[in-house]
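Fold and geometry: a report
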Amino acid sequence: MVKIDRIVLTCEHGGNKIPASYAAYFARAKGVLATHRGYDIGALRLARQLARSLRVELQAATVSRLLIDLNRSPGHRSLFSEFMAKASREERDAIFRGFYLPYRKKVEAKVARHLRAGSKVLHLAIHSFTPVLNGTRRRADIGLLYDPRSEAEREFCHRWRRELGREAPWLCVRYNYPYRGRADGLGTYLRRRMGAKGCLAVELEVNQRHLSHPGATSAKVRRAIALSLRSALRGETPHER
């Protein structure tokens, strides 16, 4: 069983804020900013709860992905949205230097620091997904994204899914759904750069229908995720807690 010593917890799409300097580009986009296109609804609240539960620092971004997507590689066609199409090269460069690079470098530096200390590191990114996309209903409550070629990531995700089944058997948990674990993203970048040194990269995707409204059901799902994650990290069953 893989033993994880350190967790680097992140939330790339935690908010939908637009800095005043670029507000003009989004004058007609207030409705879009409030949807799943503007941010991962409910992800930040869940990430903060996990940070408290695990007693780890959370690195989260609250600038909208429609300004710049911190979970995309430089040069990716979705790095800037269509709302930034008329922005000058200078403005895009300033956004890249001011928001993208500081966030990504801080995460990478934290992972590297733990690896130098000899720790086995898990980068865990917290995201959420819209229940319906382009008319297609997503048929899962939770997705665990990982690289199937990584034995350590696969073993950890299988353990986490088992613990989720104990805590919340009514939830449908799928692997690499609704996205592929090897798709472009911060976790994939870290895995490629530092995987050989002991970095695992897993992305948690939660259906927004469980996170978009306050209430007992949402709290129950967040609690189940937190408890199951703690058990998976320790390799314990609920009876051993």
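What this report covers is the structure whose coordinates are included nearby. Nothing here was measured: the structure is a model prediction, and the numbers come from that model. For every chain, the first residue of the written sequence is number 1, and numbering continues from 1 along that sequence. In keeping with the model being predicted, local features are shown solely for residues with a pLDDT of at least 70 and side-chain atom pairs are shown and tallied solely at 80 or more, while totals for entire chains, interfaces and linings include all residues. Note that the side-chain values use all heavy atoms of the structure and ignore hydrogens as well as water.

Points about the overall build of the protein chain
Across its full length, the protein chain holds six helices and eight strands. To qualify as a helix, a DSSP run of H or I must reach at least 4 residues; to qualify as a strand, a run of E must reach at least 2; elements of each kind are numbered from the N terminus. Listing the helices and strands of the protein chain from first to last along the sequence gives β-α-α-β-α-β-β-β-β-α-β-α-β-α. Seen along its three principal axes, the alpha-carbon backbone of the protein chain occupies a region of about 55 × 40 × 30 Å. Expressed as a percentage of its 241 residues, the buried residues of the protein chain come to 52%. Note on areas: these come from Shrake-Rupley sampling with a 1.4 Å probe, and a residue is covered only by the protein chains present in the view. Summed over all atoms, the accessible surface of the protein chain reaches about 12100 Å², with 48% contributed by carbon and sulfur. Working convention for charge: Lys and Arg count positive, Asp and Glu count negative, and His plus the chain ends are omitted. The atoms used to mark charge sites are NZ of Lys, CZ of Arg, CG of Asp and CD of Glu. Each charge sign in the protein chain was given a centre, from 47 positive and 22 negative side chains, and these centres are 3 Å apart. Any residue under 20% of the maximum accessible area for its type is buried, any over 50% is exposed, and the rest in between are partly exposed; the area is computed with a 1.4 Å probe on protein chains only.

Side note on the pattern of salt bridges
By salt bridge we mean one thing: a side-chain nitrogen of Lys or Arg within 4 Å of a carboxyl oxygen of Asp or Glu. A full pass over the atoms with the stated rule returns twelve salt bridges. Asp-40 serves as the salt-bridge partner of Arg-65, at 3.1 Å between the closest nitrogen and oxygen. Of the two residues, Arg-65 is situated in the loop between strand S2 (58-60) and helix H3 (89-116) and Asp-40 in the loop between helix H1 (30-33) and helix H2 (43-54); the sequence distance between them amounts to 25 residues. Judged by its relative accessible area of 18%, Arg-65 falls in the buried class. Between Glu-57 and Lys-110 there is a salt bridge whose closest N-O contact spans 3.1 Å. Here Glu-57 is found in the loop between H2 and S2, whereas its partner Lys-110 is found in helix H3, with 53 residues between them in sequence. Overall, the relative accessible area of 48% leaves Glu-57 in the partly exposed class.

Focus on the sheet that holds strand S7 (residues 173-175)
Strands pair in a sheet through their backbones, by hydrogen bonds, and they do so in one of two ways: parallel or antiparallel. The sheet built from six strands is open, its strands ordered S2-S1-S3-S8-S6-S7 with mixed pairing. One side of each edge strand has no neighbouring strand; the edge strands of this open sheet are S2 and S7. Direction aside, neighbouring strands of the sheet carry axes that sit 20° apart on average. Any pair of residues with heavy atoms lying within 4.5 Å of one another is described as a contacting pair. Each axis is a line fitted through C-alpha atoms, and for a helix only the stretch in contact is used; angles between axes span 0 to 180 degrees, taken between their N-to-C directions. Packing against the sheet, helix H4 (residues 151-167) makes contact with strand S3 (121-129), strand S6 (142-145), S7 and strand S8 (199-207), and its axis sits at approximately 35° to S8. Lying over the sheet, helix H5 (residues 186-194) contacts strand S1 (6-11), S3 and S8, oriented at roughly 170° with respect to S8. Pairs of strands are assigned from DSSP output, requiring at least two bridges between the strands.

Section: the packing of H4 against helix H6 (residues 216-234)
Helices that pack against each other are described as a pair by the angle of their axes relative to one another and the distance between those axes. The geometry of H4 relative to H6 is characterised by a closest axis approach of 8 Å and an angle of 135° between their N-to-C directions. Judged on the interaxial angle alone, H6 and H4 are oblique. Crossing angle aside, the handedness with which H4 passes H6 is right-handed. Between H4 and H6, the contacting residues are Phe-156, Arg-159, Trp-160, Glu-163, Leu-164 and Glu-167 on the first element and Ala-224, Ile-225, Leu-227, Ser-228, Leu-229, Ser-231, Ala-232 and Leu-233 on the second. Gly is placed with the polar residues, together with every amino acid not listed as nonpolar (Ala, Val, Leu, Ile, Met, Phe, Trp, Tyr, Cys and Pro) or charged (Asp, Glu, Lys and Arg). Of the residues contributing to the contact of H4 with H6, the split by class is nine nonpolar, two polar and three charged. Relative orientations are named as follows: roughly parallel for angles under 35 degrees, roughly antiparallel for angles over 145 degrees, roughly perpendicular for angles from 65 to 115 degrees, and oblique for any other angle. For any pair of crossing helices, the crossing counts as left-handed if the nearer helix is rotated counterclockwise from the farther one by less than a right angle, and right-handed if it is rotated clockwise.

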